[in-house]
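# Topology and contacts: notes
Here is how the chains run, residue by residue.
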Amino acid sequence: MKNKTVEINNLLYKISREDFSGYEIVDYWDADTTAIGLQKENILIYVSSFNFPKTNNYDLIIEDLKTGKILKSETIETYAEFINGVQVFLK
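So, a few notes on the structure that sits alongside this text. It should be emphasised that the depicted structure is a prediction, and the values quoted were computed from it without experimental measurement.

Overall, antiparallel pairing links the 5 strands, which are arranged E1-E2-E3-E4-E5 in an open sheet. With one partner strand each, in any of the chains shown, strand E1 (24-26) and strand E5 (70-76) form the two edges of the open sheet. The average angle at which neighbouring strand axes cross in this sheet is 20 degrees, direction not considered. The sheet contact formed by strand E3 (residues 43-48) and strand E4 (residues 58-64) spans 6 bridges and is antiparallel. For Tyr 46, the partnering residue across the bridge sits in E4 and is Ile 61. Against the sheet, helix H1 (residues 6-16) touches E1, strand E2 (35-40), E3 and E4, its axis set at about 25 degrees to E2.

This is the structure:
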């Protein structure tokens, strides 16, 4: 995505190679170049690299859009942790 950081674009590329389906990339934060969302049905996965330039670490928040309930919130330090954190929501 043109308006996103290298870290976010690299993450999106890696995710595209995973065995996930039925999700869409959403950008409710188009002015924030360090954030992107993945949405599958009523689940929104917010990913931000704001505090982590050039480290490939991310803040991750998973929210149920129907209820507004935060299902998960954590700092991710590796891509494997990211996949482990989101796979149940994207498979």
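Along the polypeptide, Thr 33 turns up in the loop between E1 and E2. Under the relative-accessibility criterion, Thr 33 is labelled partly exposed at 36%. Counting along the chain gives 26 residues from Thr 33 to Glu 7, while the straight-line C-alpha distance between them is 9.8 Å. Among residues more than four places away in sequence, those in contact with Thr 33 are Asn 3, Lys 4, Thr 5 and Ile 8.

Those residues of helix H2 (residues 79-90) that fall on the buried side of the exposure criterion are Phe 82, Ile 83, Gly 85, Val 86 and Leu 90. Considering only its buried residues, H2 is in contact with H1, E2, E3, E4 and E5.

Procedures and definitions
- Residues numbered from 1 in each chain as written.
- Predicted model: local features only at pLDDT ≥ 70, side-chain atom pairs only at ≥ 80, totals over all residues.
- Heavy atoms only, no water.
- Pairing = 2+ DSSP bridges.
- Helix = DSSP H or I, 4+ residues; strand = E, 2+ residues; numbered from the N terminus.
- Axes fitted to C-alpha atoms, helices over the stretch in contact; angles between N-to-C directions.
- Contact = heavy atoms within 4.5 Å.
- Buried < 20%, exposed > 50% of the residue type's maximum accessible area, 1.4 Å probe, protein only.

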